[in-house]
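In case you want the letters, here they are:
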Amino acid sequence: MGILDRFSDIAKANINDALDRCEDPSKMIEQYLRELTDDLIEVKRETAGIMAEETRAKRLVDENAAQIARFAGLARKALAAGNEDDARVFLTKKQELEAEGADLAEIYGVAHGNASKMRQLHDKLVDDIEELNGRRALIEAKVAVAKTQDIVNEYEPRTEASTVARGAIDRMEDAADALLDQANAAAELGRAPLDAAAALEEKCAAARGNAAVEDELAKLKRDMGL
């Protein structure tokens, strides 16, 4: 049968091998599912026809066996009635049917074998489709992670460059802090003489205040005759 030759590779199909040969599993899995689904539709159609042929061949075998049994019974009845000639006719027909039955049995054997093979192909396709559907989410997740890893690999050198740049910025900031510290120190040194002069001025003012108090105290004592 051409259909059996045509689908002989389906029985040998292996999902893992197909995916291992695939460069992009996410695309391959969709294509493979479509192909398997198309094959399943065609196998169902062809299987129905082959099974119908098997059924017809089995019916012919059963009808032939029934005829053989019928003529064998007629031969026995004729012989029991003493009609040997009639018995010979019935037995001759029985032998013809037996020869025909051998051919019919052979035809049925081929039809039954073909139908069995097509049923196996059908079951194999159904199992493969169910397995592939069950693994689709896992495969797509792996592909997504792989693509994410590619993005990470692409941007990782840029991250390293930014780390180097950040180190340079940190060094520049440290240098700026050092300059600022130096400027603050210089400012402190510049204000030191002014601060000393102000302190001396305050001391003199306090001394002048004390002298005035002493002078007024002395005047008061003189006025009081003390």
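Residues numbered from 1 in each chain as written. Predicted model: local features only at pLDDT ≥ 70, side-chain atom pairs only at ≥ 80, totals over all residues. Heavy atoms only, no water.

1. Some words on the overall build of the protein chain
Regarding its fold elements, the protein chain presents 5 helices and 0 strands. Helices and strands appear in the protein chain in the N-to-C order α-α-α-α-α. Looking at the protein chain alone, contacts between residues at least 24 apart form 82% of all its contacts between residues at least 6 apart. (Helix = DSSP H or I, 4+ residues; strand = E, 2+ residues; numbered from the N terminus. Contact = heavy atoms within 4.5 Å.)

2. A few points about the pattern of salt bridges
Under the criterion given, the structure shown has 8 salt bridges. The partner of E98 in a salt bridge is K94, and the shortest N-O contact between them spans 2.5 Å. Taken together, the residues span about one helical turn, with E98 and K94 both in helix α5 (residues 84-223) at a distance of 4 residues. Ionic contacts of the salt-bridge type, sharing partners, join the residues E84, D85 and R88 into one network. (Salt bridge = Lys/Arg side-chain N within 4 Å of Asp/Glu carboxyl O.)

3. Brief notes about the packing of aromatic side chains
Taken as a whole and assessed by the stated rule, the structure comprises 1 aromatic pair. On the numbers, 6.2 Å between centres and 45 degrees between planes, the contact of F71 with F90 is tilted. Highlighted residues: F71 in helix α4 (residues 25-80) and F90 in helix α5, separated in sequence by 19 residues. Sitting above the plane of the F71 ring, R70 keeps its charged end 4.5 Å from the centroid. (Phe/Tyr/Trp six-rings, centres within 6.5 Å; stacked < 30°, edge-to-face > 60°. Lys NZ or Arg CZ within 6 Å of the ring centre and 35° of its normal.)

4. Brief notes about the nonpolar core
Counting residues in each nonpolar core, the largest one holds 16 residues, and the members touching the most others are Y32, L36, V43, M118, L125, I129 and L132. Broken down by secondary-structure element, the contributors of at least two residues to this core are α4 and α5. Aside from chain neighbours lying at most four places away, what touches I129 is L33, L36, T37 and L40. (Core = buried A, V, L, I, M, F, W, Y, C linked by side-chain atoms within 4.5 Å. Buried < 20%, exposed > 50% of the residue type's maximum accessible area, 1.4 Å probe, protein only.)

5. What to know about a negative patch on the surface
Taken together, the side chains of D170, E173, D174, D177 and D181 present a region of like negative charge at the surface. Position of E173 relative to the elements: it lies in helix α5. (Patch = residues over 30% accessible without salt bridge, like charges linked within 9 Å, V, L, I, M, F, W, Y side chains within 5 Å. Areas by Shrake-Rupley, 256 points an atom, 1.4 Å probe, with all protein chains shown as cover. Lys, Arg positive; Asp, Glu negative; His and termini not counted. Charge placed at Lys NZ, Arg CZ, Asp CG, Glu CD.)

6. Points about the side chain of D128
Considering the arrangement of structural elements, one finds D128 in helix α5. In terms of polar contacts, D128 uses its side chain to reach the side chain of K124, at 2.5 Å. (Polar contact = N/O pair within 3.5 Å; in protein donor to acceptor, adjacent residues only side chain to side chain.)

7. Notes on the side chain of E54
Mapped onto the fold, E54 is located in helix α4. Beyond its immediate chain neighbours, meaning those up to four positions away, E54 contacts Y108, A111, H112, A115 and R119.

8. What about the environment of D123?
Position of D123 among the secondary structure elements: in helix α5. Using a relative accessible area of 42% as the deciding quantity, one classes D123 as partly exposed. D123 sits 83 residues away from L40 along the chain, and the two C-alpha atoms are 9.2 Å apart.

9. Thoughts on the environment of E140
Structurally, E140 is set in helix α5. Spatially, the C-alpha atom of E140 lies 9.3 Å from that of K27, the residues being 113 residues apart in sequence.

10. Let's talk about the confidence of the model for the protein chain
Mean pLDDT for the protein chain: 77, with 66% of residues reaching 70 or above. Ranking the elements of the protein chain by mean pLDDT puts helix α2 (residues 8-11) last with 50 and α4 first with 89. (pLDDT = per-residue confidence, 0-100.)

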